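# A look at the structure
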Amino acid sequence: MTEKEKMLAGEWYLASDSELREAHRRALRLAREINQTTEEEVAKRKSLFRELLGRVGKTFHIEPPFRCDYGFNIFLGENFYANFDCIFLDVCAIEIGDDVLLGPRVGIYTACHPLEPEIRKSGWEFGKPVRIGNNVWIGGNSILNPGISIGDNSVIGAGSVVTKPIPAHVVAVGNPCRVLRELS
């Protein structure tokens, strides 16, 4: 099994692998090109996002700057919107449903690192996928940690740190993020 195959499977892998380093350089190059587009170059920007990301819907808008590890592990549904400065660490899949809105500086992280210093120092890491349902709104400066899911029609308050799954039809806020109330 290659290091990339291990990474995609959520197993321990070495990110220093040449295939992964090249894929990361590709993502950095495409993100740089996206981030250098002007407000008049929307078609060019969308074309670059289609090249970078694993899947995008027909309708999507991502405000630059945008950053990611690989891009090919990011799957966006229809009618997706992300405000400025979003960061997606996509060593595993980031799956986002339809009609999802992200505030500025939302971070979605799938990368995990060992707690033991010697193992961490050796360069081993792994990932856990993140899944966001349909019609979700995530407030600015929120962080979604590896392995979480957010159910359909939920709202995550600004500045939240999501460390556990959030059910459908709720408002959740805080650090750590907790359900505040159900939505009717």
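For every chain, the first residue of its written sequence is number 1, and the numbers climb from 1 along that sequence. pLDDT decides what is reported in this predicted model: residues at 70 or higher carry local features, side-chain atom pairs at 80 or more are listed and counted, and totals for whole chains, interfaces and linings draw on all residues regardless. Hydrogens and water molecules were not included; the side-chain quantities draw on all heavy atoms of the structure.

## A look at the sheet that holds strand S14 (residues 143–144)
The test is simple: Criterion used throughout: strands pair if DSSP finds at least two bridges between them. In this description a helix means any DSSP run of H or I spanning at least four residues, a strand means any run of E spanning at least two, and both kinds are numbered starting from the N terminus.
Read from one edge of the open sheet, five strands run S3-S6-S9-S14-S17, paired in parallel fashion. Edge strands, defined here as strands with exactly one partner in the open sheet, are strand S3 (66–68) and strand S17 (161–162). Of the strand pairs in this sheet, S3 and strand S6 (residues 86–89) are connected by three bridges, and their pairing is parallel. Along S6, the bridge assignment pairs Arg67 with Ile87.

## Some details on unusual backbone geometry
Which entries qualify depends on this criterion: The buried label goes to any residue with under 20% of its type's maximum accessible area, the exposed label to any with over 50%, and the partly exposed label to all in between, with areas taken from a 1.4 Å probe on protein chains only.
In this structure, the amide linkage connecting Pro64 to the following residue, Pro65, adopts the cis form with an omega of 0°. With respect to the element layout, Pro65 can be found in the loop between strand S2 (60–62) and S3. Following Asn175, the chain continues into Pro176 via a peptide bond in cis, with omega recorded as 0°. Structurally, Pro176 can be placed in the loop between strand S18 (170–173) and strand S19 (178–182). A positive phi angle is found at Asn153, which is not glycine, with a value near 65°. Mapped onto the elements, Asn153 comes out in the loop between strand S15 (149–150) and strand S16 (155–156). According to the relative accessible area criterion, Asn153 is partly exposed, its value standing at 27%.

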